[in-house]
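This is what each chain is made of:
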Amino acid sequence: MPTTRQLLSSAQVARFVAHGFLRLDGIVPREMNEEALGVFAAGLPSVPYGTPVPKAFPDGSFARRLVELPAVAGALESLVGPDPTVDHHFVHIREPREGSAQPLHADAVIDLRPDAFDVQLMYYPQEVTAEMGGTLIVPGSHLRRTNETDTGRYQNLRGQTRLTCPAGTVVLLHHGIWHGGRRNDSDIVRHMYKIRFNPTVPQVRLWDTADLDAPAVREELGRGFPWYEQATGRLEILNRVRLWRALSGDPAFDIDYWATRITNRPAAQRSKA
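Residues numbered from 1 in each chain as written. Predicted model: local features only at pLDDT ≥ 70, side-chain atom pairs only at ≥ 80, totals over all residues. Heavy atoms only, no water.

(A) Inspection of the packing of aromatic side chains at higher detail. Going through the model one piece at a time under the given rule, you end up with ten aromatic pairs. Their ring planes at 50 degrees and their centres at 5.4 Å tell us that Phe40 and Tyr193 sit as a pair that is tilted. Of the two residues, Phe40 sits in helix H2 (residues 30-42) while Tyr193 sits in strand S9 (residues 190-198), which places them 153 residues apart along the sequence. Given a relative accessible area of 1%, Tyr193 falls into the buried group. (Phe/Tyr/Trp six-rings, centres within 6.5 Å; stacked < 30°, edge-to-face > 60°. Helix = DSSP H or I, 4+ residues; strand = E, 2+ residues; numbered from the N terminus. Buried < 20%, exposed > 50% of the residue type's maximum accessible area, 1.4 Å probe, protein only.)

See below:
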């Protein structure tokens, strides 16, 4: 994806690892937002699973121009790497005053990869107001393994966010984040365009690592969220440490010695004759 590179910083990637998503508010130009609704109404061509971006989205197409915007391309490269493949794409539509909401869920089947993840791009061509519902996201939920709608019985969790945003906003999500489309109580049709990307390279130090040792990195990775339990919530931070060790290529990284303690396996010493 040729572009002027705008890679994320280490602190931004650490925030993504902790929160499970990254917001890029209002970065898509107005003329593209105005074009988008017509493109969506005309229908998007299907894309087979695992198609490289240039083949999935021909040069000059709306989707290709969207993912080649410098801020979008730089963030994608920082998280999923160069030359990702497209898993699938889809336009989600919430009709006016439809009277129902999507249950809280994680996309697809349970995913146990400890050192890799897919990135889901969500693009909002219109301003999304509170009355329009928006996308519900539970920060810090992405590393708690659940299967599809197993979380659907939960109605509200402390600290959840309902996305309201200006037109042209792009949100990048870890594939495991708990989310759901909220009920649209407005008189306006709400659109969201989603693309899921699969990495084709190891996701190790793909971003601008100039601030890798900055205090902000550790601060982000140690962050708690209101819905975390006192004990089990610590496991979420441990899961982040494991993921950060893989992403940063630093097997010794730790917070409060938790990962180091439980991975300690001294080699048995042979007795000397």
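On we go from here.
(B) Geometry of the sheet that holds strand S7 (residues 169-174). The strand order S1-S7-S4-S9-S3-S2 describes an open sheet built from six strands, whose pairing is antiparallel. Strand pairing shows two members of the sheet lacking a second neighbour, strand S1 (21-24) and strand S2 (51-52), which therefore form its edges. Here strand S4 (residues 119-124) runs beside S9; their pairing, made up of five bridges, is antiparallel. When the bridges of S9 are listed, Leu121 appears paired with Ile195. Most of the contacts of H2 go to S4, to which it runs at about 105 degrees, and overall it touches strand S3 (85-94), S4 and S9. (Pairing = 2+ DSSP bridges. Contact = heavy atoms within 4.5 Å. Axes fitted to C-alpha atoms, helices over the stretch in contact; angles between N-to-C directions.)

(C) Layout of H2. Taking 1.5 Å of rise per residue, 13 residues should cover 18 Å, and H2 covers 19 Å from first to last C-alpha, within 8% of that figure. Of the residues making up H2, those classed as buried are Met32, Asn33, Ala36 and Phe40. Downstream of H2 by a residue or two, Gly43 has a phi angle that is positive, lying close to 95 degrees. (Expected span 1.5 Å × (residues − 1).)

(D) How the structure looks around the packing of helix H1 (residues 10-19) against helix H7 (residues 232-248). Direction vectors running N to C along H1 and H7 enclose 140 degrees, while the axes themselves pass 10 Å from each other. Looking at the two axes, H1 sits oblique to H7. At the point where H1 passes H7, the crossing takes the right-handed sense. For the pair H1 and H7, the contacting residues are Ser10, Val13, Ala14, Val17 and Ala18 in the first and Arg240, Leu243, Trp244 and Leu247 in the second. Its residues assigned to classes, the contact of H1 with H7 comprises seven nonpolar, one polar and one charged. (Parallel < 35°, antiparallel > 145°, perpendicular 65-115°, else oblique. Left-handed = near helix turned anticlockwise from the far one by under 90°. Nonpolar A, V, L, I, M, F, W, Y, C, P; charged D, E, K, R; others polar.)

(E) Looking closely at the nonpolar core. Core analysis: the biggest nonpolar cluster contains 51 residues, and Leu121, Tyr123 and Trp244 have the highest contact counts within it. No other element matches H7, which puts six residues into this core. Core analysis: the next-biggest nonpolar cluster, separate from the first, contains twelve residues, Met122, Tyr124, Leu173 and Ile177 among them. (Core = buried A, V, L, I, M, F, W, Y, C linked by side-chain atoms within 4.5 Å.)

(F) Expanded view of the sheet that holds strand S5 (residues 135-137). In space, the three strands of this open sheet follow the order S6-S5-S8, with antiparallel pairing throughout. A single partner strand is all that each edge strand has here, and the edge strands are strand S6 (161-162) and strand S8 (179-181). Sheet topology places S5 next to S6; two bridges connect them, and they run antiparallel. Among the inter-strand pairings, Ile137 is bridged to a residue of S6, identified as Thr161.

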